[in-house]
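Report on the structure
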Amino acid sequence: MDTTTQNCAVIILAAGKGTRMRSALPKVMHRLAGQPMIAHVLSACAPLQPQAVVTVLGPGMESVKETARKAYPASQFALQREQKGTGDAVRAGMEALPDFDGEVLVVYGDTPLLTPDTLNTLLQRKKEQGACVALLGMRPSDPTGYGRLVMQKADYVERIVECRDATAAEKALPWVWGGGMAFNAEFLRRGLSGLTPSARTQEYYLTALVEMAAAEGEPALMVPMGVEEAMGINTRAQLAEAEAVMQQRLRARAQAEGATLVDPASVFLAADTKLGQDVVVQPFVTFGPGVVIGDGAEIRSFSHIEGAHVGADAVIGPFARLRPGTVLDAEVHVGNFVELKQTQVARGAKINHLSYVGDAEIGEAVNIGAGTITCNYDGLHKHRTVIGAHAFIGSNTSLVAPVAVGEGAVIGAGSVITEDVPADALAVERSGQQVKPGGAKRLRERRRES
Ligand code: UD1
Ligand code: MG
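Rules used throughout
Residues numbered from 1 in each chain as written. Chains lettered and ligands numbered in written order. Predicted model: local features only at pLDDT ≥ 70, side-chain atom pairs only at ≥ 80, totals over all residues. Heavy atoms only, no water. Near = heavy atom within 4 Å. Polar contact = N/O pair within 3.5 Å; in protein donor to acceptor, adjacent residues only side chain to side chain. Areas by Shrake-Rupley, 256 points an atom, 1.4 Å probe, with all protein chains shown as cover. Nonpolar A, V, L, I, M, F, W, Y, C, P; charged D, E, K, R; others polar. Core = buried A, V, L, I, M, F, W, Y, C linked by side-chain atoms within 4.5 Å. Buried < 20%, exposed > 50% of the residue type's maximum accessible area, 1.4 Å probe, protein only. Domains from an automatic or database assignment. Contact = heavy atoms within 4.5 Å. Helix = DSSP H or I, 4+ residues; strand = E, 2+ residues; numbered from the N terminus. Pairing = 2+ DSSP bridges. Salt bridge = Lys/Arg side-chain N within 4 Å of Asp/Glu carboxyl O.

**Concerning the site of ligand 1**
In the region of ligand 1, 22 residues are neighbours, and Gly16, Gln80, Gly85, Tyr108 and Trp177 sit closest. Between ligand 1 and Thr86 there is a distance of 3.0 Å, counted from an oxygen atom to a side-chain nitrogen or oxygen. At 2.8 Å, a side-chain N or O of Glu162 approaches an oxygen atom of ligand 1. Calculation on ligand 1 without its partners gives an accessible area of 760 Å², and the protein chains cover 92% of this total. Classifying every residue of the shell around ligand 1 by side-chain character gives 8 nonpolar, 9 polar and 5 charged.

**Let's talk about the nonpolar core**
Ranked by size, the top nonpolar core spans 95 residues in total, and within it Leu275, Phe287, Ile293 and Ile316 carry the most contacts. Formed jointly, this core draws a minimum of three residues from each of two domains, domain 1 (8-230) and domain 2 (236-427). Aside from chain neighbours lying at most four places away, what touches Ile293 is Lys274, Leu275, Gly276, Val279, Phe287, Ile299, Ile305 and Val310.

**So, the pairing of strand β10 (residues 176-184)**
With 8 of 9 residues buried, β10 lies mostly within the body of the structure. Inspection of the sheet shows strand β7 (residues 133-138) paired to β10 by 5 bridges, in the antiparallel sense. Looking at β10, one finds that Met138 is bridged to Val176.

**So, the sheet that holds strand β28 (residues 367-368)**
Taking strand neighbours across the sheet as the criterion, the 10 strands line up as β12-β15-β18-β21-β24-β26-β28-β31-β34-β36 in an open arrangement whose pairing is parallel. This sheet does not close on itself; its edge strands, each paired only once, are β12 (260-261) and β36 (426-427). Here strand β15 (residues 280-281) runs beside strand β18 (residues 298-299); their pairing, made up of 2 bridges, is parallel. Residue Val280 lies in a different strand from β18, and its bridge partner there is Glu298.

**Brief notes about the pattern of salt bridges**
One pass over the full model with this rule turns up 14 salt bridges. In this structure, Glu186 engages Arg190 in a salt bridge whose closest nitrogen and oxygen atoms are separated by 3.1 Å. Of this pair, Glu186 and Arg190 both sit in helix α6 (residues 185-193), 4 residues apart, roughly one helical turn. The salt bridge involving Arg347 is made with Glu331; its shortest N-O contact spans 3.1 Å. Taken together, the residues Arg347 in the loop between β25 (338-345) and β26 (350-353) and Glu331 in the loop between β23 (326-328) and β24 (333-336) connect sequence positions 16 residues apart. Where salt bridges share partners, they join Glu186, Arg190 and Glu216 into one cluster.

Okay, structure coming up:
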């Protein structure tokens with residue numbers, strides 16, 4: 001992307017209450033592909049290498065700041081005290097850019113499908129055409145809710161009419177504003193200071209600046225964009241639609257990078273999921289944030305993986321759950337109904353059936369028998385379990401942490417291990433077996449008599 005010629009600052013509007021979401025969360029904190037909406041918008045702006053990125057928030061939106069800083073560390077913030085409309089929100093944002101005199105790109109925090117390429121095209125075209133204002137337009141099949149673009153001449157917008165203020169004829173206009181508008185900072189400052197509230201709603205509309213520019217003989221340049229990218233999220237139903245689009249993009253990317261998704265539609269990826277070459281993902285797998293899967297690994301059906309690194313050629317599932325802090329080396333096998341958390345597993349180790357292993361370190365080629373549990377929590381604190389290479393843990397063992405099992409040690413099935421086991425030792429902890437010859441037969445006879 002050629003961004004070298006641009007001198008831009010970005011203002012992201014996110015102060016709206018998001019009433020239509022009916023949620024205690026700020027709208028931009030709702031997640032798509034495991035990431036809050038605002039993080040997606042920041043990631044779309046970052047490749048433009050802006051001089052400043054200012055997110056406009058409403059009162060009590062502290063949680064958004066933390067998320068924004070994680071996604072874009074140089075994030076700046078502005079406060080819009082009262083939600084008096086998008087124009088008023090941009091005015092608040094401009095207070096953080098008092099001396100800036102380049103291009104100001106305004107985007108909405110509720111359009112998380114925007115791509116860097118589209119934003120870059122908007123700025124490039126604006127520059128080529130020497131326009132004072134440029135905006136992204138689209139032609140959706142259902143334009144409900146979007147501002148309609150009134151154009152006298154192709155590609156130049158005289159006015160944007162909000163859906164709720166539009167006449168029947170205006171509602172029938174095919175082009176709408178998709179969110180995303182770029183201004184010369186000087187015009188934007190001047191325009192905002194002259195902005196008056198809408199007579200009908202008392203809100204200051206950012207879109208009114210388009211009419212002002214036209215009145216100055218500078219109609220806004222319209223740059224077309226794809227309909228999907230423009231999807232604005234105002235309701236839960238729209239959130240789900242956008243999720244579907246995002247998932248399609250992520251699946252296509254994973255496939256392009258060399259992963260096989262046997263049934264793409266049933267695999268859910270996070271925005272940051274990394275699948276290596278020749279990874280095979282069977283149907284019905286969910287990836288949460290922070291997952292890296294090494295080359296050639298196979299993820300079998302109904303597995304749920306989050307915050308985990310899986311080594312090359314590992315085999316996971318079916319029905320495995322990998323929780324944050326799980327790091328598996330190459331060729332590790334994790335089978336059905338196994339849960340791992342904060343655990344490192346060295347090359348070739350196997351945990352194949354019905355186990356919970358948490359806060360543990362498992363050595364190379366260790367075999368963990370069915371039903372093994374690390375008892376890592378004593379009700380107050382978490383404790384670690386360390387198992388040396390080539391150890392064999394018999395089925396249904398409880399490892400009461402903190403505890404260490406040395407290299408090559410063998411634990412007998414059904415043991416409750418509370419003390420460290422030295423290398424190459426055999427440890428068994430269970431009561432001796434009683435066998436009474438003929439006892440079963442006598443028992444049956446007694447029952448028949450009574
Ligand atoms: C807006 C546009 C509409 C466009 C559509 C694209 C206006 C007046 N309308 O409509 O033309 O087609 O987006 O998705 O701009 N916000 C604030 N402070 C406020 C009000 C809003 O920060 O006082 C923020 C919201 O958090 C949101 C964004 O601005 O991120 C847009 O507001 P929203 O209410 O979603 O506008 P739309 O009705 O979607
Ligand atoms: Mg909106």
